[in-house]
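One letter stands for each residue in the lines below.
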Amino acid sequence: EAQVTQNPRYLITVTGKKLTVTCSQNMNHEYMSWYRQDPGLGLRQIYYSMNVEVTDKGDVPEGYKVSRKEKRNFPLILESPSPNQTSLYFCASRVWGQETQYFGPGTRLLVL
Amino acid sequence: QKEVEQDPGPLSVPEGAIVSLNCTYSNSAFQYFMWYRQYSRKGPELLMYTYSSGNKEDGRFTAQVDKSSKYISLFIRDSQPSDSATYLCAMSPQAAGNKLTFGGGTRVLVKP
């Protein structure tokens, strides 16, 4: 089944404790992206990647890191999480040049 | 002021009614417009995609773009309880662009 998977789905952590949210897609998509969703603010893009080893900042990259060492994986790293990073995170992927973006199921993060 | 404004709702309608959703935006560079549907506890899925001004119809869904007014709409005819979801508009200055700007989403509830 074609899909985007994220792990973990739910995470509670404390301020300053490094964490990684994994994202994997099995559709051989070139483009992958991370978003955060907060009430009333919609989805805001954190980082995106056009292909392996090619990444760029979205609208809200502060406090986040990403890497794209393999085409299928695009992990989101929070080196020192803070409470303002409490949010619902979505990973998405699509074929380069096409509009249809496929979203993962989301990761709900709570930073205490 | 946000670049894309969307009434958060909730919008409650009886089954069979027409649902009317809209977004306003401030960035005149936006040329490509999308509507996503997001069910509770799921990632968004692309519903409609339009370019520049005009109408596009797909089954019970009609998307309209009025670039002169910086206003886009989505109409759902013969609404069903299964249409109950949050609807997010999104827009980009480029086709299949790297960056999408989303509205905050409108929650729709269709009552049987």
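Our subject is the structure listed above.
The rules behind each value
- Residues numbered from 1 in each chain as written.
- Chains lettered and ligands numbered in written order.
- Predicted model: local features only at pLDDT ≥ 70, side-chain atom pairs only at ≥ 80, totals over all residues.
- Heavy atoms only, no water.
- Helix = DSSP H or I, 4+ residues; strand = E, 2+ residues; numbered from the N terminus.
- Polar contact = N/O pair within 3.5 Å; in protein donor to acceptor, adjacent residues only side chain to side chain.
- Contact = heavy atoms within 4.5 Å.
- Buried area = accessible area lost by both parts, 1.4 Å probe.
- Nonpolar A, V, L, I, M, F, W, Y, C, P; charged D, E, K, R; others polar.
- Salt bridge = Lys/Arg side-chain N within 4 Å of Asp/Glu carboxyl O.
- Buried < 20%, exposed > 50% of the residue type's maximum accessible area, 1.4 Å probe, protein only.

Enquirer: Explanation requested: the side chain of Gln25(A) in the structure shown.
Expert: Residue and element names in this part refer to chain A. Examined against the element boundaries, Gln 25 turns out to sit in strand 3 (residues 19-25). A distance of 3.1 Å separates a polar atom in the side chain of Gln 25 from the backbone oxygen of Lys 71. Look past the residues within four positions of Gln 25 in its chain and what remains in contact with it is Gln 3, Val 4, Met 32, Arg 68, Lys 71, Arg 72 and Ser 93.

Enquirer: What should I look at first to understand the interface of chain B and chain A in this one?
Expert: How big an interface is tends to be stated in terms of the accessible area lost upon association of its parts. The interface of chain B with chain A comprises 18 residues on the first partner and 26 residues on the second. Each partner contributes to the roughly 1700 Å² buried at the junction of chain B and chain A, and carbon and sulfur atoms together form 50% of this total. At the junction of chain B and chain A, the tally comes to one residue pair in polar contact (both at pLDDT 80 or more). Mapped by element, the contributors of at least two residues to the side of chain B that touches chain A are strand 4 (32-38) and strand 5 (45-51) of chain B. Class assignment of the residues belonging to the side of chain B that touches chain A gives a composition of eight nonpolar, six polar and four charged.

Enquirer: How should the pattern of salt bridges be read in this particular structure?
Expert: Between side chains of opposite charge, a pair can form when the charged atoms approach closely. Inspection of every chain in the model, using the stated rule, returns six salt bridges over all chains. Between Glu79(A) and Lys65(A) there is a salt bridge, with its nearest N and O atoms 2.9 Å apart. Of this pair, Glu79(A) sits in the loop between strand 8 (76-78) and strand 9 (87-94) while Lys65(A) sits in strand 7 (residues 65-66), and the two are 14 residues apart along the sequence. A relative accessible area of 37% means that Glu79(A) is categorised as partly exposed. Among the ionic pairs, Arg77(B) bridges to Glu57(B), the shortest N-O distance being 3.4 Å. Highlighted residues: Arg77(B) in the loop between strand 8 (71-76) and strand 9 (85-92) and Glu57(B) in strand 6 (residues 54-58), separated in sequence by 20 residues. A residue is classified by how much of its surface remains accessible, and Arg77(B), at 29% relative accessible area, is partly exposed. By relative accessible area, Glu57(B) is classed as exposed at 58%. Taken together, the salt bridges that share partners define one network made up of Arg36(A), Asp38(A) and Arg44(A).

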